[in-house]
Number of protein chains: 2
Amino acid sequence: MTKISRALASASRDARHFALANCIRALAMDGVEAAKSGHPGAPMGMADAATVLWTRHLKFDPSCPDWPDRDRFVLSNGHASMMLYALLHLTGFEDMTLDQLKAFRQWGSITAGHPEYGHAAGVEITTGPLGQGLAGAVGMAMAERSLAAAFGADLVDHRTWVFCGDGCLMEGISQEAISLAGHLRLEKLTVLYDDNGISIDGSTDKAFTEDVGKRFEAAGWHVIACDGHDPDALDKAMRAAKAETGRPTLIRMKTVIGLGAPNRANHESAHGAPLGPDERALARAALSLDGEDFVLPETALAEWQILGGRGAAARKDWQDRLAAAPADMRAEFLRRQRGEMPEALAPTVAQARAALFDVPQAVATRKASQIALTTLAEAVPEIIGGSADLTHSNLTRVPAVDSDFQPGQPGGRYVSYGVREFGMAAAMNGMAAHGGIIPYGGAFLIFSDYARNAIRMAALMQLGTIFVMTHDSIGLGEDGPTHQPVEHLASLRAIPGLSVFRPADAVETLECWELAIRSRKAPSLLALSRQAVPQLREAGPDNLSARGAYILRSHGTGRDVTLLATGTEVSLAVQAAERLHEQGIAATVVSMPSWERFDAQPADYRADVLGDAPRIAVEAASRFGWTRYVASEDDVIGLDGFGASAPADVLYQKFGITEAAIVARARLLHDNRTSS
Amino acid sequence: MTKISRALASASRDARHFALANCIRALAMDGVEAAKSGHPGAPMGMADAATVLWTRHLKFDPSCPDWPDRDRFVLSNGHASMMLYALLHLTGFEDMTLDQLKAFRQWGSITAGHPEYGHAAGVEITTGPLGQGLAGAVGMAMAERSLAAAFGADLVDHRTWVFCGDGCLMEGISQEAISLAGHLRLEKLTVLYDDNGISIDGSTDKAFTEDVGKRFEAAGWHVIACDGHDPDALDKAMRAAKAETGRPTLIRMKTVIGLGAPNRANHESAHGAPLGPDERALARAALSLDGEDFVLPETALAEWQILGGRGAAARKDWQDRLAAAPADMRAEFLRRQRGEMPEALAPTVAQARAALFDVPQAVATRKASQIALTTLAEAVPEIIGGSADLTHSNLTRVPAVDSDFQPGQPGGRYVSYGVREFGMAAAMNGMAAHGGIIPYGGAFLIFSDYARNAIRMAALMQLGTIFVMTHDSIGLGEDGPTHQPVEHLASLRAIPGLSVFRPADAVETLECWELAIRSRKAPSLLALSRQAVPQLREAGPDNLSARGAYILRSHGTGRDVTLLATGTEVSLAVQAAERLHEQGIAATVVSMPSWERFDAQPADYRADVLGDAPRIAVEAASRFGWTRYVASEDDVIGLDGFGASAPADVLYQKFGITEAAIVARARLLHDNRTSS
């Protein structure tokens, strides 16, 4: 018996199961064929496992897709999207109509090439960039544990199920996620590994010969191997996963990619292209399917609908429990689910502002961040902090979160993510997508590179993840160019939908933190300094950072020159403006903590702030991008290349980011203008 | 006996060894103290292993640091830089003077905070961003195997030794590297893991509790555990590593961070800050060191010098073997080592150009890349290709490299890197740093995010790594926004020293490939399309892409408007220019395959190309950064947000990247100008 015929025998042993699973196979084939692109192989290979999971184990209710205590289902190998869409359709998610399946991968449909969070109900997280679904699922399981500690098992007691493929496990982020999940003993997390031995370039023997089960065991996981087409074996494995305590579970399912397609099964040609009409006809015959495209057997369809209703009772029970919960707990639970801010936030911010105006803080903005967080994290209990092993550098641990989130300590509010920036960022996205949690995590700004695609994914998903990135320029000094961000501000500003904040002092840092916490539908990244800055802001009630940029200082009457600056360079611009004023040149200093917020302001506000006078930008970073606001890169007091290893003040001098350079450029622009 | 006293007992059992190792400890303490910053803990903990390796096993000759057949030493935990500098000084590398050690982390010294390739002889690769040293070492071991296959063991037979810490192994890239190395059975690769149980945030128990040995075994490694302070145990382990065939070796060394510092050893406070004068004095006493800072016992110093000369004879033997090698082999070996191009390259390029002008190719630029590579890889035998499991999409496999680099096939020229973009990029950097190899590797442009810091490191190290990134815009279509690069061109252009090429047609693609291959001191990234483009260029001998941008088409007399475009949008600009010409507006089309190269041209050339007329930029990507060349982002026909899942032509229409949009904007600018 060949591998394929063995698999078919397993899948078809139980006729009822086979009929259900083949609905997924048929829709995957038909959807991809209609789209003329897509990935039929993985859905066809995983259809048996998906059927067993969704009809016997997954806790969900299509009539209430947002039920907070539903199990989370993550398709980490997101290219198998048609499997998920098929499942949503078959089990009765209202928005996943047959027309949507027919419009797979077309403009305006909710059935994108890869599952996109926010498009269709039941898509828990956007997947496609491999490995990140798995890491996001780790975050979801962490969120569940944290919320269960806060609200009890009556309200929070659900599991996270992940499908993943070889690609996910080859990506390094999977190891970060696996290692963290094993360390945290996330027993309600189950990964179903579609071990089909085929990747895009052919047999995985070409590049991926490790012992995956042993690797998971080394990370503290419970590992089960099973026939990925045998419904009884799959059911048994999922039961074992649910019975396991103290360890997450890997179910290593031996599968055949494209099972059902007689000539393409077990071959890379089944992976990423339509089967074509002939092969599809043969597959339909092999799977006892007949009829037109997108037409499925009535009995199977009816059974899917019934099975889709399997969770409604549990959901109603849960709603009864919620109704019976103490009123304040219920209110708090629902507030968090809605992503609304606690009432305490506004007065807390006001108090913290007042404290800064009473006793100004001349500190590094990372220290200012610590000061801000100290009160904000107290006021917002859903905040869960952490760092990628740089707690004492990022200053991310404050009293309110000074409790470890560790095995046996589910109520802890601080996560030791380890040196795993990418895994941390993706896990935070999972927490944010889960709901009920506001995650922040610290790293050096330079290592935003490691986490970059997860930062992008937060923006694409419109999640309120908060990235706390310290040591934000050559100002970090001696560690040298490997650790000095130069192009990072530009490259992060280029990510659509991400708010990059670079506050100038303790007041702006508080303001930016408030904005980040309130921003529940867009991620925020705070770029914070290692080195100290004076407090520049004077008393006033308004969060000026909310406008992205504002006039911080004006000297003299009129405006001869405008100095745009961010972060640690704002105080430098202020000094330069004073020198210029002494020299009879009226310089206005604009502090610009967030380009994105500034660009979203009304045109007249932007025009007022930018003014008509020549403009100079000052930022200890690449000049790249600043020509959005200044006439030429020559008007940017910034860097052209990498930094160097030396004390920070030496570097500022050597790279010419100095008061003298600002003054000289301002004089030149002013003189040119006056003489023209 | 405590962990610390046990370790000290091991380290001091052999007085001669202890005296040698303590020279490293002393210099690390003193260097960090003088710099007032740095990392004494890791050098002090690894000093015993480093001493055994450098005095008994590592093959090197300080009098000839670039000896091609030397062993490669990689300090993946680069923050332990003082250990490496101490070793270079002690063994007699001429440029590593005591003054350099005293100038640790100061402007202009060769002793940067983290080891930087190109600064000091003996620094084989820049390290600091964790995990990348290990991945680079995998590339070095691959390069060695490849060159040994080409030139034989007489000329190429060396090992790669890596030190790494917990941080390296927590980073996901380490798993990519480990898995690939195990798969490839890189038996000459040995990793010495500084298992000290301490990371920056404290005990690794907080976040890193996996069984590291088992994880390596799962990846096919030979694993040895040993006391990291016992010289005999270390020596035995290194011998075992050298004796092993068929598997790379992990030596898991149980160590004590900061060994010798009585109050800070085995504590995170030893990691990243000077010990301070009191603790240092106590440490000096504990290590039987006396005298002033930077002063070491004469006998130990003398012995280090002798041991540093240990490899000179082997090096001379090797030189004799080189001299005795067949003349053509010797010449070829030396040519490759010098990074010079083979003579065949120029005529091959000329021929390939002629072929394109004879039979124009209207193909996707990824296909054009395949055409170019087909001849170029034939002419340049040191090219080693590969892909991160996207060979058929990247079109990176051409006949000249159509042989697998696999265990037992060391002469293969194509690497199946697996779905490991970051590991691939870092390994390629290792190959390039090793010398004798020109590596290229393919991925989707979107996943440059995953590899980003390695791309940056290639630029920082000035290595000629070539990144082949296809599916370079929304033009990839249905896979959707998770797979559509938008901000990537901008964010890559922001990396100093990286040449980003986005060729417009088959001719430019050939030109850019030639430039990338010839660029041996700077990395190149080719952004290539999924979708077809016409061939735009007419016959001519010059590589116009070498100037970064050039006038491709002029219509009418004079210039009313200039259209700047890259890649697939150049043909769109050409069409728009024709429409404008019909409407009486003279449009000049500038093709701009590389900003970096264009910006390096003389001012008059740049002025000629850019012209005085209003300028419009056309690129199916974020507008970010284009204001370097155009007046406002409104003059960029580009994107503001993410892409979407739909056929490419639909996306271009929906996002307004169309001939009509270019024409409309050009008319507006032209009319404004005429009326003003």
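Residues numbered from 1 in each chain as written. Chains lettered and ligands numbered in written order. Predicted model: local features only at pLDDT ≥ 70, side-chain atom pairs only at ≥ 80, totals over all residues. Heavy atoms only, no water.

Along chain A, the regular secondary structure elements total 26 helices and 18 strands. Here the C-alpha radius of gyration of chain A, 28 Å, is about what a compact globule of 676 residues would show, namely 26 Å. Judged by the C-alpha coordinates and their principal axes, chain A covers about 90 × 55 × 45 Å. Per-residue burial for chain A yields a buried fraction of 68% across its 676 residues. Taking as baseline every contact in chain A between residues at least 6 positions apart, the subset at least 24 positions apart corresponds to 78%. When the accessible area of chain A is evaluated, it comes to approximately 20400 Å², of which 51% is carbon and sulfur surface. Mean positive and mean negative side-chain charge positions of chain A (64 and 81 charges, respectively) differ by 2 Å. (Helix = DSSP H or I, 4+ residues; strand = E, 2+ residues; numbered from the N terminus. Rg over C-alpha atoms; globule rule 2.2 N^0.38 Å. Buried < 20%, exposed > 50% of the residue type's maximum accessible area, 1.4 Å probe, protein only. Contact = heavy atoms within 4.5 Å. Areas by Shrake-Rupley, 256 points an atom, 1.4 Å probe, with all protein chains shown as cover. Lys, Arg positive; Asp, Glu negative; His and termini not counted. Charge placed at Lys NZ, Arg CZ, Asp CG, Glu CD.)

What follows covers the interface of chain A and chain B. Across the contact, 96 residues belong to chain A and 97 residues belong to chain B. On the surface where chain A and chain B come into contact, there are 10 salt bridges. When the shortest N-O distance is used, the salt bridge between A:Arg452 and B:Asp449 registers 3.3 Å. Here chain A is connected to chain B by 54 residue pairs in polar contact (both at pLDDT 80 or more). (Salt bridge = Lys/Arg side-chain N within 4 Å of Asp/Glu carboxyl O. Polar contact = N/O pair within 3.5 Å; in protein donor to acceptor, adjacent residues only side chain to side chain.)

We now examine the packing of helix H13 (residues 312-324) of chain B against helix H14 (residues 327-338) of chain B. All names here are of chain B. It is at 8 Å that the axes of H13 and H14 come closest, and there the two elements cross at 120 degrees. As summarised for this structure, H13 and H14 are arranged oblique, according to the angle between their axes. Across from Trp 318, Leu 322 and Ala 323 in H13, the residues of H14 making contact are Arg 330, Phe 333 and Leu 334. Tallied by class, the residues present in the contact of H13 with H14 amount to 5 nonpolar, no polar and 1 charged. (Axes fitted to C-alpha atoms, helices over the stretch in contact; angles between N-to-C directions. Parallel < 35°, antiparallel > 145°, perpendicular 65-115°, else oblique. Nonpolar A, V, L, I, M, F, W, Y, C, P; charged D, E, K, R; others polar.)

Attention now moves to helix H2 (residues 15-35) of chain A. Residue and element names in this part refer to chain A. Taking 1.5 Å per residue as the helical rise, H2 with its 21 residues ought to reach 30 Å, and the 30 Å between its terminal C-alpha atoms agrees with that figure. Counting buried positions over the 21 residues of H2 gives 17, a clear majority of the element. For H2, the N-terminal capping position is held by Asp 14, with its side-chain oxygen 3.0 Å away from the main-chain nitrogen of Arg 16. Among the residues trailing H2, Lys 36 stands out with phi positive, at a value near 60 degrees. (Expected span 1.5 Å × (residues − 1).)

This next bit is on the UniProt feature "binding site: thiamine diphosphate" (unreviewed entry) in chain A. The UniProt entry lists A:His79, A:Gly128, A:Pro129, A:Leu130, A:Gly167, A:Asn196, A:His271 and A:Phe447 under the feature "binding site: thiamine diphosphate" (unreviewed entry), expressed in the numbering used here. These annotated residues cover 369 residues of sequence, and their C-alpha atoms reach 34.0 Å apart at the extremes, leaving them scattered rather than at a single site. Structurally, the position occupied by A:Pro129 is in the loop between helix H5 (98-102) and helix H6 (132-151). Overall, A:Pro129 belongs to the buried group, its relative accessible area being 1%. Apart from residues lying up to four places away in sequence, A:Pro129 is in contact with A:Asn453, A:Met457, B:Phe447, B:Tyr450, B:Thr482 and B:His483. Relative to the elements of secondary structure, A:Gly167 occurs in helix H7 (residues 166-170). Other than its neighbours up to four places away in sequence, A:Gly167 contacts A:Leu130 and B:Val419. (UniProt positions renumbered as here; feature names shortened; annotations may be inferred.)

A separate point is the pairing of strand S7 (residues 249-254) of chain B. Residue and element names in this part refer to chain B. Of all 6 residues in S7, 5 are buried; the element is thus mostly enclosed. Taken together, the 6 bridges between strand S6 (residues 222-227) and S7 define a ladder with parallel strand orientation. Looking across to S7, one finds that Ile 224 is bridged to Ile 251. On the question of chirality, the crossover connecting S6 to the parallel S7 by way of helix H10 (residues 231-243) is right-handed. (Pairing = 2+ DSSP bridges. Right-handed = clockwise from strand over helix to strand, strands pointing away.)

On to the domain arrangement of chain A. According to the domain assignment, chain A consists of domain 1 (3-315), domain 2 (345-528) and domain 3 (546-675). On a C-alpha basis, the centres of domain 1 of chain A and domain 3 of chain A stand 53 Å from each other. (Domains from an automatic or database assignment.)

To continue, consider the UniProt feature "site: Important for catalytic activity" (unreviewed entry) in chain A. Residues and elements named next belong to chain A. Under the local residue numbering, the UniProt record ascribes the feature "site: Important for catalytic activity" (unreviewed entry) to His 39 and His 271. Despite a sequence span of 233 residues, these residues sit close together in the fold, their greatest C-alpha distance being 5.4 Å. For His 39, a relative accessible area of 9% corresponds to the buried category. Summarising the element assignment, His 271 is placed in the loop between strand S7 (249-254) and helix H11 (277-286). In this structure His 271 touches Gly 38, His 39, Pro 40, Gly 41, His 79, Ile 200 and Ile 257, once residues within four positions along its chain are discounted.

So, on to the relation of the copies chain A and chain B. Copy one and copy two of the chain differ by a rotation about a common axis and a shift along it. In screw terms, the move from chain A to chain B is a rotation of 180 degrees and a rise of 0.0 Å along the axis, fitting with an RMSD of 0.0 Å. Here the copies are linked by what is in effect a two-fold axis. A shared interface surface links the copies, since 100% of the contact residues of chain A are contact residues in chain B too. (Least-squares fit on C-alpha atoms with pLDDT ≥ 70 in both.)

Moving on, we come to the pattern of salt bridges. According to the stated counting rule, one finds 86 salt bridges over all chains in the structure shown. Between A:Asp230 and A:Arg13 there is a salt bridge, with the nearest N and O atoms lying 3.4 Å from each other. Placement of A:Asp230 in the loop between strand S6 (222-227) and helix H10 (231-243) and of A:Arg13 in the loop between helix H1 (3-12) and H2 is noted, with a sequence separation of 217 residues between them. Residue A:Asp230 is classed as buried on the basis of its relative accessible area, which comes to 14%. Residue classification places A:Arg13 among the exposed positions, given a relative accessible area of 57%. The partner of B:Arg628 in a salt bridge is A:Glu633, and the shortest N-O contact between them spans 2.8 Å. Residue B:Arg628 is located in the loop between strand S17 (615-622) and strand S18 (636-639), and its partner A:Glu633 is located in the loop between strand S17 (615-622) and strand S18 (636-639); the two belong to separate chains. For A:Glu633, a relative accessible area of 17% puts it in the buried group. Within this structure, A:Asp30, A:Glu33, A:Arg280, A:Arg284 and A:Asp293 form a network of salt bridges that share partners.

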